[in-house]
Amino acid sequence: MRAVILAAGMGSRLKPITERIPKALINLGGKPLIAHLIENLIDHGIRDIIIVTGYKSYKIRRFITENYPEINVEFVHNKRYDETNNIYSLHLAIRGLKDPYYILNSDIVYHPKIFTRLHECEKENLTILVDLREDLGKEEMKVVIEGDRVVKIGKKIDPKEAHGEYIGITKVTENSVEELKNVISNTISTHGKGVFYEHAFQKLIDNGGVINYTSTGGLPWTEIDDMDDLIYAKRVVYPKIISK
């Protein structure tokens, strides 16, 4: 399998750090966020990687080419990064794909065994990684689960109704490659390029498609959107990751 890493965003809530580097290159534990992702992928035998760049793309390209000569990397540039959301970046990355792949948001850090849980999952269709917990708010990408399937996904879900949070990693098996490609194109046509790709996930569910989930198993992870998130990642989450 290959992996698609979405790294086009500006990270405006992480200024002044992101005035000079893209969010994916923010340092955590002595290396950029995207380095943690790539090294975890390599450890799982995944060396075919598509990276969608946008803001300060040349810095990501230079870092990757200088530090990871062992991977087969394709850079896809989202030149409209400042006016589109991640659904458009994903659309650009997968429109030519025919084989299974992973989707990874670049602003997350997680315990390596979290990805192992998804990598070893043998479910067909789409499978997303979910942190099963109740302490959810407005900002989290919440999910509602029935049995072993996701029936709702989105930020606007009532936290009291949700069963957990989607952490930003998805596995797409061969039988869903075209289905997801089509639903993303249709979502963009209907709702524009400014929505999250999870909007397309919900549309896929509404159309009768299947989205499974795998739990993070209580292992540490976090998303880094703003300075408070970064401080939390450095002081709390990353120490837990390296201690387990």
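Residues numbered from 1 in each chain as written. Predicted model: local features only at pLDDT ≥ 70, side-chain atom pairs only at ≥ 80, totals over all residues. Heavy atoms only, no water.

- Labelled according to an unreviewed UniProt entry, the chain appears under the name Phosphocholine cytidylyltransferase family protein, originating from Geoglobus ahangari.

## Section: the packing of helix α3 (residues 86–94) against helix α6 (residues 197–206)
And then number 1: Relative to each other, α3 and α6 sit at 75°, their axes nearing to 7 Å. Between α3 and α6, the angle falls in the class roughly perpendicular. Where α3 abuts α6, its residues Asn86, Ile87 and Leu90 lie against Tyr197, Glu198 and Ala200.
And then number 2: A breakdown of the residues in the contact of α3 with α6 according to their chemical character gives four nonpolar, one polar and one charged. (Axes fitted to C-alpha atoms, helices over the stretch in contact; angles between N-to-C directions. Helix = DSSP H or I, 4+ residues; strand = E, 2+ residues; numbered from the N terminus. Parallel < 35°, antiparallel > 145°, perpendicular 65-115°, else oblique. Contact = heavy atoms within 4.5 Å. Nonpolar A, V, L, I, M, F, W, Y, C, P; charged D, E, K, R; others polar.)

## Quick notes on the UniProt feature "domain: Nucleotidyl transferase" (unreviewed entry) in the chain
And then number 1: The residues that UniProt annotates with the feature "domain: Nucleotidyl transferase" (unreviewed entry) are residues 3–135.
And then number 2: As a span, residues 3–135 carries 29% helix and 27% strand, and end to end its C-alpha atoms are 30 Å apart. (UniProt positions renumbered as here; feature names shortened; annotations may be inferred.)

## A word on the environment of Val143
And then number 1: Among the structural elements, Val143 can be located in strand β9 (residues 142–146).
And then number 2: Between the C-alpha atoms of Val143 and Ala35, which are 108 residues apart in sequence, the distance is 28 Å.
And then number 3: Setting aside chain neighbours within four positions, we find Val143 in contact with Ile128, Val130, Val150, Lys152, Ile153, Ile157, Ala162, His163, Gly164, Glu165 and Tyr166.

## Examining the side chain of Thr187
And then number 1: Looking at the element boundaries, Thr187 is found in helix α5 (residues 177–191).
And then number 2: The exposure class of Thr187 is buried, given its relative accessible area of 0%.
And then number 3: Excluding residues that lie within four positions of it along the chain, Thr187 makes contacts with Ile87, Gly192, Val195, His199, Ala200 and Lys203. (Buried < 20%, exposed > 50% of the residue type's maximum accessible area, 1.4 Å probe, protein only.)

## Some thoughts on the packing of α5 against α6
And then number 1: Between α5 and α6, the least distance of the axes is 9 Å, while the angle of their chain directions is 110°. Taken together, α5 and α6 sit at an angle that is classed as roughly perpendicular. In this structure, α5 crosses over α6, and the sense of that crossing is right-handed. Contacts between α5 and α6 involve Glu179, Leu180, Val183, Ile184, Asn186, Thr187 and His191 from the former and His199, Ala200, Phe201, Lys203 and Leu204 from the latter.
And then number 2: Here the contact of α5 with α6 is composed, by residue class, of six nonpolar, four polar and two charged. (Left-handed = near helix turned anticlockwise from the far one by under 90°.)

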